[in-house]
Amino acid sequence: MLIKKPVAIKASEITPKAIYLKRRRFIQGGMGAALATVLQNNLMAAANSYSTTEELTSIKDITRYNNFYEFGTSKGAPGIHAGALTTHPWSITVSGACEHPGNYDLDDLIKAAEVEERIYRLRCVEAWSMVIPWQGVPLGKILKRFGPTSKARYVAFRTLVRPAEMPGQRRNILDWPYREGLRMDEAMHPLTLLATGLYGKDLPNQNGAPIRLVVPWKYGFKSIKSIVSIEFTENEPPTTWNQKGADEYGFYANVNPAVDHPRWSQKKERRIGDIFKRPTLPFNGYAEEVASLYAGMDLRKHY
Ligand SMILES: Nc1nc2c(c(=O)[nH]1)N[C@H]1C(S)=C(S)[C@@H](COP(=O)(O)O)O[C@H]1N2
Ligand SMILES: [Mo]
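If you're wondering where the values come from, they're calculated on a predicted model, not measured in any experiment.

When you look at the environment of Asp-108 in this model, what are you seeing that I'm missing?
Topologically, Asp-108 is positioned in helix H5 (residues 106-111). Each C-alpha atom, one on Asp-108 and one on Ser-91, is 9.4 Å from the other, the two residues being 17 residues apart in sequence.

Following this line, the structure appears as structure tokens:
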């Protein structure tokens, strides 16, 4: 689970990050409006209060150290196998308690949306973390368009099932499709992102192309990849890891150093690329923004 890395960083690893950072500086320097890439939209987003200024994880680590069990259980498997996934065209089925259910083409959904940049920490339940420059749209902005009704108290998501292109799905590693869910207020929170890209480019397949969730205050498994279905529900929806082991993976899965996983501590984490561990922060450092969502809840019980 934990990787060891030599201290020296290879040139091949530095380049993409250096180019990206140069572009960011250029954009922040006021030239952005003249450019026509996704990043320029993000003049404001680049400075927005939601983004962390911590050092970015290298693109190499972000794309070669993954959890995406549809492509195998090892960290390297998604980077090797996910390239074969067809991600275009792509549609999302919207159903349940909403006024506008239907089958939506992803290009149409995103075309009408303003893509933002958000640099978020992502903290895996396995006690490692990364800092990733995402591009995406706040989930709430997309959900609003479907007109959720007063019965919509939760949102359930599903990943694509396509064993022909997803070798992990030819085995019973998990109960496919991968399922996740959020309470409505969590889904509508401005921090919750539907990501379409990272490091200024479309999402690499191993990171959940063409569209995945990023919920930065929760353990990584809540951030479901390659989404094909969104359903508004009245009751808490079943979720993959909770079904697999309810005592190990709760529905809420808020990052919480005070509640250990039954098999390991959650007090510390290893930032991928670092040698030493660092303390894990409550809500992964986003407590100021989200702690109020859980006021009055016992977070030891609702882990
Ligand atoms: N469909 C699907 N989504 C998934 C997973 C998965 O196996 N299948 N793994 C989750 C876990 S455990 C983590 S930590 C993050 C990892 O995202 P990354 O590989 O982009 O860093 O994706 C999450 N989303
Ligand atoms: Mo994870």
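That shown, we press on.
Sorry, what's going on with the pattern of salt bridges here?
If charged atoms from side chains of opposite charge come close, those side chains can pair. Tallying each qualifying case throughout the model produces 17 salt bridges. Residues Arg-121 and Glu-54 are paired through a salt bridge, measuring 2.6 Å at the closest nitrogen-oxygen approach. Placement of the pair is Arg-121 in strand S3 (residues 116-123) and Glu-54 in the loop between helix H2 (43-46) and helix H3 (59-64), with a sequence separation of 67 residues. For Lys-222, the salt bridge identified is with Glu-180, shortest N-O distance 2.7 Å. Here Glu-180 lies in strand S6 (residues 179-183) and Lys-222 lies in the loop between strand S9 (212-214) and strand S10 (227-233), a separation of 42 residues in the sequence. We note that Lys-222, like Glu-180, is buried.

I would appreciate a short explanation of the packing of aromatic side chains in the present structure.
Aromatic ring pairs are reported here in terms of the distance separating the ring centres and the angle at which the planes meet. According to the stated counting rule, one finds twelve aromatic pairs in the structure shown. Taking 4.8 Å as the distance between ring centres and 80° as the angle between the ring planes, the aromatic pair formed by Tyr-20 and Tyr-199 counts as edge-to-face. Here Tyr-20 is found in helix H1 (residues 11-31), whereas its partner Tyr-199 is found in the loop between strand S7 (193-198) and strand S8 (201-202), with 179 residues between them in sequence. The two residues Tyr-20 and Tyr-199 agree in class, both being buried.

Whenever I open this one, the sheet that holds S6 confuses me. Can you help?
Two strands in a sheet stick together by hydrogen bonds in their backbones, pointing the same way (parallel) or opposite ways (antiparallel). Taking strand neighbours across the sheet as the criterion, the five strands line up as S2-S1-S10-S5-S6 in an open arrangement whose pairing is mixed. Of all strands in the sheet, those bounded by a partner on one side alone are strand S2 (102-105) and S6. Going across the sheet, the axis of each strand differs from the next one's by a mean of 20°, ignoring polarity. As paired elements, strand S5 (residues 154-159) and S10 share six bridges and run antiparallel to each other. When the bridges of S10 are listed, Thr-159 appears paired with Ile-227.

Would you explain unusual backbone geometry in this entry?
As a rule of thumb, non-glycine residues mostly have phi less than zero, and peptide bonds are mostly trans rather than cis. The peptide bond linking His-88 to Pro-89 adopts the cis configuration, its omega dihedral lying at 0°. The residue Pro-89 is located in the loop between helix H4 (77-81) and strand S1 (91-96) in this model. Of note, the amide linkage connecting Ala-209 to Pro-210 takes the cis form, showing an omega dihedral of -5°. Looking at where Pro-210 falls in the secondary structure, it is placed in the loop between S8 and S9. With a phi angle near 50°, Phe-283 is a residue other than glycine that sits in the positive phi range. With respect to the secondary-structure elements, Phe-283 resides in the loop between strand S12 (278-279) and helix H9 (287-290).

What is the right way to look at the site of ligand 1 in this model?
What surrounds ligand 1 is a group of 15 residues, the closest being Asn-66, Tyr-69, Glu-70, Ser-223 and Lys-225. Interatomic distance of 2.9 Å between a side-chain N/O atom of Thr-159 and a nitrogen atom of ligand 1. For ligand 1, a nitrogen atom lies 2.9 Å from a polar atom in the backbone of Ser-223. Structurally, ligand 1 is housed in the largest pocket. Within the shell around ligand 1, the residues separate by chemical class into six nonpolar, six polar and three charged.

When you look at the layout of surface pockets in this model, what are you seeing that I'm missing?
Sizing a probe to match a water molecule and rolling it over the atoms shows the empty space that remains. By volume, the largest pocket amounts to about 470 Å³. Lining the largest pocket are 28 residues, and of these Asn-67, Cys-124, Glu-126, Gly-220 and Phe-221 sit closest to its centre. For the lining of the largest pocket, the element with the highest residue contribution is strand S4 (residues 128-138), accounting for four residues. Residues belonging to the lining of the largest pocket are distributed by class as follows: 17 nonpolar, six polar and five charged.

What counts, and at which threshold
Each chain has its residues counted from 1, running along the sequence as written. Chains carry letters from A onward and ligands carry numbers from 1 onward, assigned in written order. Reporting in this predicted model follows two pLDDT cut-offs: at least 70 for local features of residues, and 80 or more for side-chain atom pairs to be given and counted; totals over whole chains, interfaces and linings ignore these cut-offs and use all residues. In computing side-chain properties, one takes all heavy atoms of the structure into account and sets aside hydrogens as well as water. To qualify as a helix, a DSSP run of H or I must reach at least 4 residues; to qualify as a strand, a run of E must reach at least 2; elements of each kind are numbered from the N terminus. One speaks of a salt bridge when a side-chain nitrogen belonging to Lys or Arg is within 4 Å of a carboxyl oxygen belonging to Asp or Glu. Buried means the residue's accessible area, taken with a 1.4 Å probe over protein chains only, is under 20% of the maximum for its type, while exposed means over 50%, and partly exposed covers the values in between. By convention, a stacked pair of Phe, Tyr or Trp rings (six-membered ring in the case of Trp) has centres within 6.5 Å and planes under 30 degrees apart, an edge-to-face pair has planes over 60 apart, and any other such pair is tilted. By definition, two strands form a pair when at least two bridges between them are found by DSSP. To define axes, lines are fitted to C-alpha atoms, for helices over the stretch in contact only, and angles between the resulting N-to-C directions are given on a 0 to 180 degree scale. Near residues are defined by distance, with any heavy atom within 4 Å of the molecule or strand qualifying the residue. Pairing of N or O atoms within 3.5 Å defines a polar contact, subject to two protein rules: one partner must be a possible hydrogen donor and the other a possible acceptor, and residues neighboring in sequence count only if both atoms are side-chain atoms. Only protein atoms enter the 1 Å grid, on which a cavity is a set of points fitting a 1.4 Å probe that cannot get out and a pocket is an open set with protein on both sides within 12 Å along at least 5 of 7 lines, lining residues being those with an atom within 4 Å of a point. The way we define it, a molecule is inside a pocket or cavity when more than half of its atoms are within 2 Å of that pocket's grid points. Basically, the charged four are Asp, Glu, Lys and Arg, the nonpolar ten are Ala, Val, Leu, Ile, Met, Phe, Trp, Tyr, Cys and Pro, and anything else, Gly included, counts as polar. Grid points are joined across faces, edges and corners, and a volume is the space filled by probe spheres set on the points.

In short, geometric facts, not functional conclusions.
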